[in-house]
Structures are given as C-alpha cells and as structure tokens.
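# Fold and contact review
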Amino acid sequence: MSLLKLYFLGPPRLELNGKLVEPDTRKAIALVAYLALTGERYDRDALAALLWPELDGSRARAALRRTLSALKAAVGEAPLYATRTVIGLNPEATWCDVLAFRDLLEGDPSDGELEQAVDLYRDDFLAGFSLRDSLSFDDWQLLEAQNLRRGLENALEKLTRDGLARGEISQTLPFARRWLQLDPLREEAHRQLMRLYAADNRRDAALRQYRECVRVLEEELGVAPLPETTDLYEAIQENRLAAPPPPPPAPTSPAAAARPSIPLVGRGRELTDLRENYRQVGPDGRLLVVSGEIGIGKTRLVEAFLQELAPVRLLAARCYEGEQNLAYAPFLQGLTAALQQPDAAGRLAAVDPLWLAEAARLVPALADFAGELPPAAADGPGAQSRFFEGIFQVVAALLAGDEPGVFWVDDAHWADAASLDLLAYLTRRLEGQPYGILLTKSDQEQPAGGRLERLIHEARLDGRAALISLARLSEADVGELLHAGAAPIDLAPRLFRETEGLPSFITAYLADQGELAATGEWTLPHSVRDLLRARLAGVDEAGRQLLQTAAAIGRDFDVDLLQKASGRGEEEVISGLEALLNRRLLVEQESQPTFVFSHDKLRQMVYDETRLIRRRLLHRRLAQALKEPSHRWRGQVLEGQIAHHLQLAGQEDEAAAYYKLAGDHARLLYANREALAHYEAALALGHPDPAALHEACADLHTLAGDYTAARSGFEMAASIAAAADDPAVLGRVEHKLGQVYLRQGEWTLAERQLHRAGALYEAAGAVARRAALLGDLSYAAYRQEALAPARELARQARELAETAGSPLVLAQIQNILGILARRQEELDEAVQVLEEGRRLAEEAGHLPVQVASLNNLALTEMAAGRYEPALAHLQTALRLCETYGDRHYQAALHNNLADLYHLSGREDEAMAHLMEAVTLYAEVGRQEDAWQPEIWKLSEW
C-alpha cells in the first residue's frame, strides 16, 4: 500500500512513497494538516466554512471539491477518505511527524524517546505557512504551534537535566544549546549551559555564557540575572563548582554486548604513512598534518595511531569553534592537562626558572612546580619571543623521553591567531628536538587569514612536514566494515549510497538506526543532521541564498544558472561561490565547469529547510532560465527539468505541457521508462489532451510487456475519444487494443476488437489504416490455422496499401505475406517478399517492422538450412529490438537464437539465450496473477 508522509514540523512537505508531492494550492495543504492533526472526519460544510469563510455556502463547497480533486491528483485515493458528506484521512495510509512527535512525548517518555521527538522537530509547526484569508485556521495553527513548541522545550529541558546528572556532557550540550535558542530569556537554560561548559573543562566558554545572559536580559527586559545565576558564575570563576558524576559505563545488555565497536577500515595506507613519518622524527622533530573534510575520520585515525605508540609521551589539546577570540586556548588546555601527569614536577625541574616564569604567564599552575619564580620580564621589545621560548621549553621538557613524544592539536583549523603564531614558533624550533607536532585540520574551514595554511606550507618547503589527506571510504570498505561488525553485508551498497562513504555518517547510521533493513526508508540520524547544520552555521545570508538556489536545482549546475535563479549580481555570485567552495560545501567537478554539493544529504537538508514561498520563487526562476537557448549548450533535452521546476513553482498547467514535450523527446530516443514517467506526470497535472497521453502510456506499457496496464490505458483513451465523438482517434485506439490481444493470443477478442476498429476506419475513410488492420486480421487467422482466409485478407490488405500509397503499411503487409509463403514452404518467394518488406521499413525508419521482417527472414533461412544468414538476421533484429525496448519480442528473438545455436551444435550459446528468453517470458507472461501460456508460444509476428 502507498504511504503518504506528512511533514508539518517546519515548512510543510508531503511525500508519497518517498517522492515529494506538492498540491497546487495552499488550501490543500491546510486541509491535510487540519485533518491529520485533529484525527477526525469532518462534515464538508464545516471544512468549507473553515477554509473559505469569505465565500457563501455553495461557492465554498465548490472550492472544497476542486481542492479535494487537486489533492487526489497529487497524492492518490488511498490516503483520503471522502464521501458525499464527510472528509478525513485514512490513518493506515498516512504518517505525520506531528503525531509521531506527540506520541513520543506521551506519558512518561524515556530519554531515548525524547531524543527521537527532538530530532523530529525540524522547525515550528507549518513554519512560513499561513492562509491569510482564514483567521480561524490561522488561530488554530498558532495554538498548535505554541503547544508543540512547549513540548519541545520541556523535552530539551529534561534531556539537559538528565544528561548533566549522568555526566554525559558532550551528548547533552546540543540539547542545552537548542533549549536556550528556543527561549534566550530562560535563565535556567543559561545556567545549565554554563554547568555543561564547566564540566567539559571549557571554563572560558562558561564565563562567556554568563556575560551573554547578562546582555540579553539587559537588552530585552532591563533586569539583572537572578542571584543563583550570579552565584554559579562566581563558583565557576573561582573553580568552586563541584564536578559532575562520571558518565555511566557502556551498556552491557546482551544486544549491546553482541554488537562490536565499529572498526577502523580503509585507512591502511594512511596509518602506514603516519608510522613512517613518526620514525623520521629522530634527532629533529617533524610536523605531521592529517587533513580532510568534516566527518572523514581524522580524529579516529590519529587515536588509533597514538594507541599503537603508547606509552609514548603525549600532550593533547583540542580547538573549538567559537573560541577563536580566546588567545592560546589550546595551549592552556593541553599544558594544564599535562601538569596532572605524575612525573611532571621532575621533568619541569630541568627547565630554567626564567622560562618557567614566562610560561606561567599563561599557565599559573606552573608556579606550583618550582620554588619562588623570578618575575616575568616586562612587556617591551622581545617580550613575545621570551614568552614563546618559555612555552617551548616547557613543551620540550614534558615530551622528552626515550621515544619521540607527540604534541597533538585536534581541529587546528579552529585555533586562534595567537595560538597559530605560537605553533609556528614551535614548528620552526623543531630542529634538534626529538618530538613531533601532530595536527588534524578540516579542509572545509578556512582559518583567519590563512595563517595555518601558510604555517604548513613553510614547514613543507623546509622538509619538516608531511601532509596526509583522507578520502572517503569505498563501497568495498563499507562492506568490510559491515562484515567486521557482524552486520549483513548486503546492506553495503545502500549504506554506501546513503552516506557516500563518509565515515561519520556511516557510524551514525549504524549506531542510530538499530537493525538497518535492506528495504524501506532510512531516516537521517540526528547526529548527521547536527553535523550538517554545524557546517552551515558560518555561512552568511548571501551564501545561504546561493546554497538554497543550488539545492533547488537538484543536480550539477553552472555559474550562469546559479546567478539567474538566485537573483544576485555576477560579482556577488562569484565571490559567494568561492567562499562556499573554500568551505567545501560545494565541489567543482573536474570534467566540466559545473558544481555539486559535497554531499547530497547536505543538499537535501538545505532544500528541506528552505521555506515554501522561497522554494517556489527559486523553481519559477529556474524554469525561466532553463527555457533560454543559452542553457542548451550542453546538448541536453531540458523539457523534463523545466516541467519539474514549473510543477514545484505551482505553475501546473505549464508544467503539464512541458512534461508532455519531455515524454515525446524521451520516446524519440527510446527512453521508454523516462517517457512513461513524463506522460504520467502530465496526466496527473491535468493536461488538456488526456486521450493522447493515455494512448502514449499504453503504447509504452505494451513495449514493456505490461499488457494489463496497456489494456487499461487504451480503454481509458477510447472512452475519452468516444465521449469527444472522435472516430479517427477511437479507431486507432481500438486497433491498438486489438494488437495487445494478438500479442496475448486472445484471438477471439482480438478479431472482435479489430472489426470494431475497421468499421470506424471505414467511416473515417482511413484507407492506409484499414490496410494495416486487414494485415492484423490475416495474422490472427493464420495463428488459428485458417490459412485460406488469412491469404485472402493479406491480398486485400496489399491492394489497399498500394491504393493508399503507404510504403510503411505495405512493408507490414509484405511481412505477413512472407509468413504465409514460408508456411506453404515457398521459401524463395518468402525471402523475396520479406526482403522487400525489410527494405521499405528501413527506408521509413520504422524499427518494429524491420525487426519483424528480419526475424521472419531468419526463420525462413533456418527452414532452408542456411544458418549463417539466419544468425546475422537474428542478431541484427535483437539489437534493433533492444534499441526500442519491446521486451516480449526480445524474448522471442532470444528463443529463436537458442534454437538456431542448438541446431548449429553451439550448446553453451544456446543455453545462454534460452535463459534470457525464459526470464523475459516469465516477466511478460504473468499478468493479473494468472499465467498467459500463449505468450510463450510467440516466435513470429
């Protein structure tokens, strides 16, 4: 059963079986939202009054009928319950994020349920949506939004309190930040965030949070913080805050114990490079840089490498986003932690007190490791150099040992400018120092002024540095990871497609999704969503608009298209594009001057979080830009893309016309599946010529061997043509319906249908069509062993074809005459007639008649024992048949080839073609849960 998914937490989005659908009116969205959240079935009059209060009763009901009709066209019949009096939704055919959110918060939810609820809440209820002409609906929407937001606040508050109580600091910080973002005036949220920062050894961040609380309260309310907030600030400032409890041990349930930790895979070469560079540290130090995009696994790789080196001395520090204005923050953090080592005092004893005094300006705790220190030199010329030298002497002492120590700075791209200057000083002093400096950095974040990049470049020029760049995992790596984790290896292709080989995404899917299924929908893990949002956090407004435009394009794009759709100037677009490329949010493709998102999940999230009104504007601009001749320089047929953008812009009449054009283009190229999808889209959007579209769809279903759908389509087209009193179209459709019955071996039904079409042709004076129809009747008689009537019908058909002067119809008649001649064992005459038919069909460029003639020529040559020409004819026929995609005839050609190879003693080739034939026959021959045996008997046509 189809499933309609309703996403109303944020800009409204409707998905049917995983595909986005957009009803053409806001009232349709409002109707679905109201029915979904209330869970009731409402009287039509009540709904009409709610949504169209400005109209009288009859006009409001008419508007409701039109809206309901448009809604059915978009989402189908299954999700809707509609009678003459009431309207509702079928709960078994719909899913709604709001209802799921409510269910998760019901009763006494666990923290796991609260996390799922928080993840569902993308934005406020129906963000950016309103009706404007229905105050009652807007009032209802506002009340629902307030209630849902209150539920989110309560969930975030509980998650923050519980996480802090358990000591799960890093996992809890995002909840606290989001809680505060919802209500910046909530002092309790400020306090909890201060506690979390302090527990995370980020005392400066905690103190800054207090200052932010003071600023917000003063600006918004004109009041000072509560005493408990100030008391907490002073406790953190004076280091009096009690430490939180340690985080709980990992779960030891049988399920958790059975699931091994995710191993490090696909990094063998990088680990070897790290080992080799570490071995080169010797008497002179070395700078090692591990680089890659966010989430690529830099930290994971370094941790695995350092575990190999243990117990080598390690001084570790991490830089944080948002702390780039805190001078020397990573050095303060790393040195403070290093002083906790049991032998720190002994190592620092070798450092000259003058240098300890200089370093103590940054780390006052150094004074505890020596007697009374001399006063640090006053500021003046050389003061910074003395300070840097003091830090250098302390670092060298702490890392000294039998094996080279390592000073590791994680996320160095977030380092402050002062720390980078100090790091550059240490790097230049590596000569004669037996330790290594190890940096991990993202190539998607650019440090201020490019200072880090210059530092690395200078060190590499001097031969003191090595850069190890990490790439994404391959599909084989993903398979190895699943195998090592005892997960089903057949999930590897899909997991690779979902994650594009990004290790952090893979880890998140495996950790958050539970038992991944090979089918069904995989939701985006909240940790992945948070990571993507973090990557977008530093993008300015112009950059966001460019990203929104790129996401609306939905594929690779060029600068010209981006500029026209974004509405920004050329210089502004180029500058913004360069910034997005520097952050690795977009990637320039090597083979052509186009760009794509660095990860499709990023594109999807940007698009989902763009408000509906802006999405429609962007799609309208994109459609207009793609219509211009300048966008056809790559030789692409763009009608399908134009139609897609017009539909998403809400311009459905024009979209339907372009979908029809796209289907026609695809059909000319024998792209049958694409053509069918385009035609069906045009039908769903109310194209003004539904008969032609139903007929075209039925033609394509016929080629695919889906005869049930083909008959249904022709019947629909026939009913429309009959209602329009169009005998020419009706005759053609009735004729095609008869041809479907011929393919299925339903001879009586076929003849009845063909006679009905013949009467219509005769009334319309369609001589050529009558000739073709008589040819089909001749074939039906032949298949029923009525050879004399078959010959007479074929003779009449040829006379009519010659009278009509239609070479193509004459080619069709020559084909049936060749079949009859072969049946009478007049083989030379059969070859002559069929060759003439093939020539006429080739001149007309008609592949189906060419294939039929070639197949019958091959059967005739086989009957004469001439296997080589027969093989050539069948191979050519199969190639042409595969080109235009007739699967039933492909099956017959494979079967005939199997017979020919068997007669030639080539059994392996015979068996290969027989297997192909059986597979195709089985797919075509099973219709409406019943086997069609006559389909398997087809060998000539």
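That block above? That's the structure.
The numbers attached to residues start from 1 for each chain and follow its sequence in the written order. Residues qualify for local features only when their pLDDT is at least 70, as the model is predicted, and side-chain atom pairs are given and counted only at 80 or more; totals for whole chains, interfaces and linings, by contrast, use all residues. For side-chain calculations, the full set of non-hydrogen atoms in the structure is used, while hydrogens and water are omitted.

### Thoughts on the sheet that holds strand E10 (residues 405–410)
Two strands are counted as paired when DSSP detects at least two bridges linking them. Where helices and strands are cited, they refer to DSSP runs of H or I of at least four residues and of E of at least two residues respectively, numbered from the N terminus. Taken together, five strands build an open sheet; the order of strands is E9-E10-E11-E8-E12 and the sheet is parallel. On the outer flanks of this sheet lie strand E9 (314–318) and strand E12 (465–469), each paired with one strand and no other. On average, each strand axis in the sheet is tilted by 15° relative to the strand beside it, whichever way the strands run. Sheet analysis places E10 next to strand E11 (residues 435–442), joined by five bridges and oriented parallel. Residue Gly405 lies in a different strand from E11, and its bridge partner there is Tyr435. The strands that helix H13 (residues 298–309) touches are strand E8 (286–292), E9, E10 and E11; relative to E10, the one it contacts most, it runs at about 165°. Structural elements are reduced to axes, namely lines fitted to C-alpha atoms, with helices fitted over the stretch in contact, and the angle between N-to-C directions of any two is expressed from 0 to 180 degrees. Contacts between residues were defined by any pair of non-hydrogen atoms, one from each residue, lying within 4.5 Å.

### Observations regarding empty space enclosed by the protein
Lining residues are defined by having an atom within 4 Å of a point belonging to a cavity or pocket. Those points lie on a 1 Å grid over the protein atoms alone, cavities being sets where a 1.4 Å probe fits but cannot get out and pockets being open sets with protein on both sides within 12 Å along at least five of seven lines. Grid points are joined across faces, edges and corners, and a volume is the space filled by probe spheres set on the points. Taken as a whole and assessed by the stated rule, the structure comprises six cavities of 30 Å³ or more. Empty space within the second largest cavity amounts to approximately 50 Å³. Taken together, Pro12, Arg13, Leu14, Leu20, Val21, Glu22, Pro23, Ile29, Leu612 and Arg615 make up the lining of the second largest cavity. Contributing elements (two or more residues each) for the lining of the second largest cavity: strand E2 (13–16), strand E3 (19–21) and helix H28 (612–627). Of the residues that constitute the lining of the second largest cavity, the class distribution is seven nonpolar, no polar and three charged. Here the nonpolar group is Ala, Val, Leu, Ile, Met, Phe, Trp, Tyr, Cys and Pro; Asp, Glu, Lys and Arg are the charged ones; every other residue, Gly included, is treated as polar.

### Concerning the nonpolar core
The definition of a nonpolar core used throughout is a set of buried Ala, Val, Leu, Ile, Met, Phe, Trp, Tyr and Cys residues joined through side-chain atoms within 4.5 Å. Partly exposed residues are those whose accessible area sits between 20% and 50% of the maximum for their type, while under 20% is buried and over 50% is exposed, using a 1.4 Å probe and protein chains only. Within the largest apolar cluster, 165 residues are counted, with the highest numbers of intra-cluster contacts made by Leu438, Leu547 and Trp941. Counting residues per element, this core draws most heavily on helix H36 (residues 767–783), which supplies nine residues. Setting aside anything within four residues of it in sequence, one finds Leu438 in contact with Leu274, Leu288, Val290, Val302, Phe305, Val406, Phe407, Trp408 and Val409. The next biggest cluster of nonpolar side chains, apart from the first, holds 72 residues, and it includes Leu37, Leu50, Ala60 and Leu193.

### Digging into unusual backbone geometry
Cis rather than trans, the peptide bond between Ala310 and Pro311 has omega equal to 15°. The topology assignment puts Pro311 in the loop between H13 and E9. Located in the positive-phi region is Tyr328, a residue other than glycine, with phi close to 60°. As for its position among the elements, Tyr328 is in the loop between E9 and helix H14 (329–338). With phi around 55°, Asp411 is a residue other than glycine that occupies positive phi space. Locating Asp411 in the fold gives a position in the loop between E10 and helix H18 (417–428). A relative accessible area of 14% places Asp411 in the buried class.

### Let's talk about the layout of surface pockets
Empty space within the second largest pocket amounts to approximately 1400 Å³. What lines the second largest pocket is a set of 41 residues, among which Gln739, Gln812, His846, Pro848 and Val849 lie closest to the centre. The set of elements that each furnish at least two residues to the lining of the second largest pocket consists of helix H30 (652–668), helix H32 (690–704), helix H34 (727–744), H36, helix H38 (807–823) and helix H40 (847–863). No other element matches H34, which puts seven residues into the lining of the second largest pocket. For the lining of the second largest pocket, a count of residues per class yields 23 nonpolar, 10 polar and eight charged.

### Regarding the pattern of salt bridges
Within this document, salt bridges are pairs made up of a side-chain nitrogen of Lys or Arg and a carboxyl oxygen of Asp or Glu, the two lying within 4 Å of each other. This model, assessed by the stated rule, comprises 59 salt bridges. Among the ionic pairs, Lys27 bridges to Asp133, the shortest N-O distance being 3.1 Å. One end of the pair, Lys27, is in helix H1 (residues 26–38); the other, Asp133, is in the loop between helix H5 (111–120) and helix H6 (135–166), and 106 residues separate them in sequence. We classify Asp133 as partly exposed; its relative accessible area is 35%. Residues Arg838 and Glu842 are paired through a salt bridge, measuring 2.5 Å at the closest nitrogen-oxygen approach. Taken as a pair, Arg838 and Glu842 lie in helix H39 (residues 827–844) at a separation of four residues, close to a single helical turn. Exposure remark for Arg838: the relative accessible area of 21% places this residue in the partly exposed category.

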